[in-house]
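Chain and residue survey
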Amino acid sequence: MFQTWKSKTQVPENYARWSQSVRIRNANFGHFLWDDFDNRKFIADYYPWFLAIYDAYPREIYRADAVRYFFMYQFGGIYLDMDTECLEPLAPLFD
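An account of the accompanying structure is given in this report. (Residues numbered from 1 in each chain as written. Predicted model: local features only at pLDDT ≥ 70, side-chain atom pairs only at ≥ 80, totals over all residues. Heavy atoms only, no water.)

Looking now at the side chain of Q3. Topologically, Q3 is positioned in strand β1 (residues 2–4). A distance of 2.7 Å separates a polar atom in the side chain of Q3 from a polar atom in the side chain of S19. Within the structure, Q3 has its side chain in polar contact with the backbone oxygen of L80 (distance 3.5 Å). Q3 has contacts with S19, V22, H31, F32, L33, W34, Y79, L80, D81 and M82, leaving out every residue within four places of it along the chain. (Helix = DSSP H or I, 4+ residues; strand = E, 2+ residues; numbered from the N terminus. Polar contact = N/O pair within 3.5 Å; in protein donor to acceptor, adjacent residues only side chain to side chain. Contact = heavy atoms within 4.5 Å.)

What follows is the structure in structure tokens.
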């Protein structure tokens, strides 16, 4: 499971709570929180052909929107926005 936020250390309380709900209800899944620095490094390392486009986006939110597709292509898994609260485990969706 992948999530992104501006910073790993300064997550607003409500987003931290919702992210925690994802981890608690899906403890058998790996969870990765990537920040803006990680996202850019990931694009630079794995998709350098896209880096100029990535850097040209006018705001960080556009970069966060783009990088999620690259995560899914590279690693598979699940991407969840930080404002997503998890009410039930996700595993049954894969049965």
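Taken as a class, soluble globular proteins show a tendency for nonpolar side chains to be buried jointly. Counting 13 residues, the largest nonpolar core has F42, I43, F50, Y54, V67, F70 and F71 as the members making the most contacts within it. Among the secondary structure elements, those contributing two or more residues to this core are α2 (36–46), α3 (51–56) and α4 (60–75). Here this core takes four residues from α4, the largest share from any one element. Discounting residues that sit within four places of it in the chain, V67 has contacts with T4, N39, F42, I43 and Y54. (Core = buried A, V, L, I, M, F, W, Y, C linked by side-chain atoms within 4.5 Å. Buried < 20%, exposed > 50% of the residue type's maximum accessible area, 1.4 Å probe, protein only.)

Let us look at the side chain of R63. Counting through the fold element by element, R63 comes out in helix α4. Among the polar contacts made by the side chain of R63, one reaches the main-chain carbonyl oxygen of Y54 at a distance of 3.4 Å.

When we look at burial in α2, the residues that qualify are D38, N39, F42 and I43. In an axial view of α2, the angular spread of the buried residues amounts to 135 degrees, which keeps them on one side of the axis. Residues of α2 that are buried sit in contact with β1, β2 (32–34), α3 and α4. Structurally, the start of α2 carries an N-cap: the backbone nitrogen of F37 is 3.2 Å from a side-chain oxygen of D35. (Arc of directions from axis to C-beta.)

A few words now on the pattern of salt bridges. Under the definition given, this model contains six salt bridges. With a shortest N-O distance of 2.8 Å, K8 and D38 are connected by a salt bridge. Placement of the pair is K8 in the loop between β1 and α1 (13–25) and D38 in helix α2, with a sequence separation of 30 residues. Of the charged contacts in the structure, one is a salt bridge between R68 and D65, with a shortest N-O distance of 2.8 Å. In this pair, R68 and D65 are both assigned in helix α4, three residues apart and thus about one turn of the helix distant. Residue R68 is classed as buried on the basis of its relative accessible area, which comes to 15%. In this structure, a network of salt bridges that share partners links the residues D65, R68 and D81. (Salt bridge = Lys/Arg side-chain N within 4 Å of Asp/Glu carboxyl O.)

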